[in-house]
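# Structural characterization, general
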Amino acid sequence: MLYRFILEDNTKYQGDLENLYDFVGSLSPDNYQLIQSLANAATIKTEKYLGAPIGKRNFTYVITRGETELNDDYVHNWMSSSCFFNVASHWIQLYAPVDSIDQVSIGVWGGDDIILVENNDYYVDLDSNYPRIVLSATLQFQDYFIKYKNIKIKCTGGIHDIDGGIPYNIDTAIKLMTTSLFSNRGEESKDYNENGYRFLLEDYIVSPIGGGR
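As a starting point, this report considers the structure included with it. (Residues numbered from 1 in each chain as written. Predicted model: local features only at pLDDT ≥ 70, side-chain atom pairs only at ≥ 80, totals over all residues. Heavy atoms only, no water.)

### A few points about the sheet that holds strand E3 (residues 91–93)
Strand order in the open sheet formed by three strands is E3-E7-E6, and the pairing between neighbours is antiparallel. Two strands lie at the open edges of the sheet, namely E3 and strand E6 (122–125), each paired on one side alone. Across the sheet, the mean angle from the axis of one strand to that of its neighbour is 25°, orientation sign disregarded. Relative to strand E7 (residues 132–135), E3 runs antiparallel, the two being bridged by three bridges. (Pairing = 2+ DSSP bridges. Helix = DSSP H or I, 4+ residues; strand = E, 2+ residues; numbered from the N terminus. Axes fitted to C-alpha atoms, helices over the stretch in contact; angles between N-to-C directions.)

### A few points about the side chain of Thr 178
Along the chain, Thr 178 turns up in helix H5 (residues 168–183). The class for Thr 178 is buried, based on a relative accessible area of 0%. Discounting residues that sit within four places of it in the chain, Thr 178 has contacts with Leu 20, Val 24, Ile 35, Leu 38, Ala 39 and Ala 42. (Buried < 20%, exposed > 50% of the residue type's maximum accessible area, 1.4 Å probe, protein only. Contact = heavy atoms within 4.5 Å.)

### What to know about the pattern of salt bridges
Scanning all chains against the criterion turns up five salt bridges. Here Lys 56 makes a salt bridge to Asp 99, at a shortest N to O gap of 3.4 Å. One end of the pair, Lys 56, is in the loop between helix H2 (32–50) and strand E2 (57–64); the other, Asp 99, is in strand E4 (residues 98–108), with 43 residues separating them in the sequence. Since its relative accessible area comes to 27%, Lys 56 is described here as partly exposed. (Salt bridge = Lys/Arg side-chain N within 4 Å of Asp/Glu carboxyl O.)

### Considerations on the pairing of strand E8 (residues 148–157)
One ladder, built from seven bridges, connects E2 with E8; its direction is antiparallel. Within the sheet, the bridge partner assigned to Phe 59 lies in E8 and is Cys 155. Where E4 meets E8, nine bridges bridge the pair, whose relative direction is antiparallel. When the sheet's bridge partners are listed, Ser 100 is paired in E8 with Thr 156.

Function cannot be read off these values alone, since they describe shape.
See below:
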């Protein structure tokens, strides 16, 4: 399956602004608004790189089928065990930190989304290593492949509490990118992910969503 997440609000830099200005090394207050805008952009880039919101807030997973899930072999493998979603085996894992799952819906080609009912159409497990849901046997497998275009899961969660402070490594990585953006304005070939940015974020990447499939 292919995952992407959509935030329901505008991402902004969540660290201390005065500390950010000192880190960038700008002595002129005239540059503060520009630095803050660059930090917001670096935060957006970092959330996409990590594959999860940095601060806990509302976001939506959109899950669609990949190329391999559209071929005959994949269909036959599913059909060999059951023609329905099997509660025991067909879990959908949510790799970002999730505190609650607020709504699950299925997108239908040419129609309105179908809102599913928890403990009837789907079940939630937030106690495992990764949060996950499973669709119940009321949704027929063949309909999933013919009629449904995606699954949308609205969640509340993120890597840290807003009031708890942004993790030091993430904050430092954003500051490094902000400094690079500020110091190299207009350079088209600059690699803004250098100077330890990837190394600092290594332990926070939400696999397999962050940076790809």
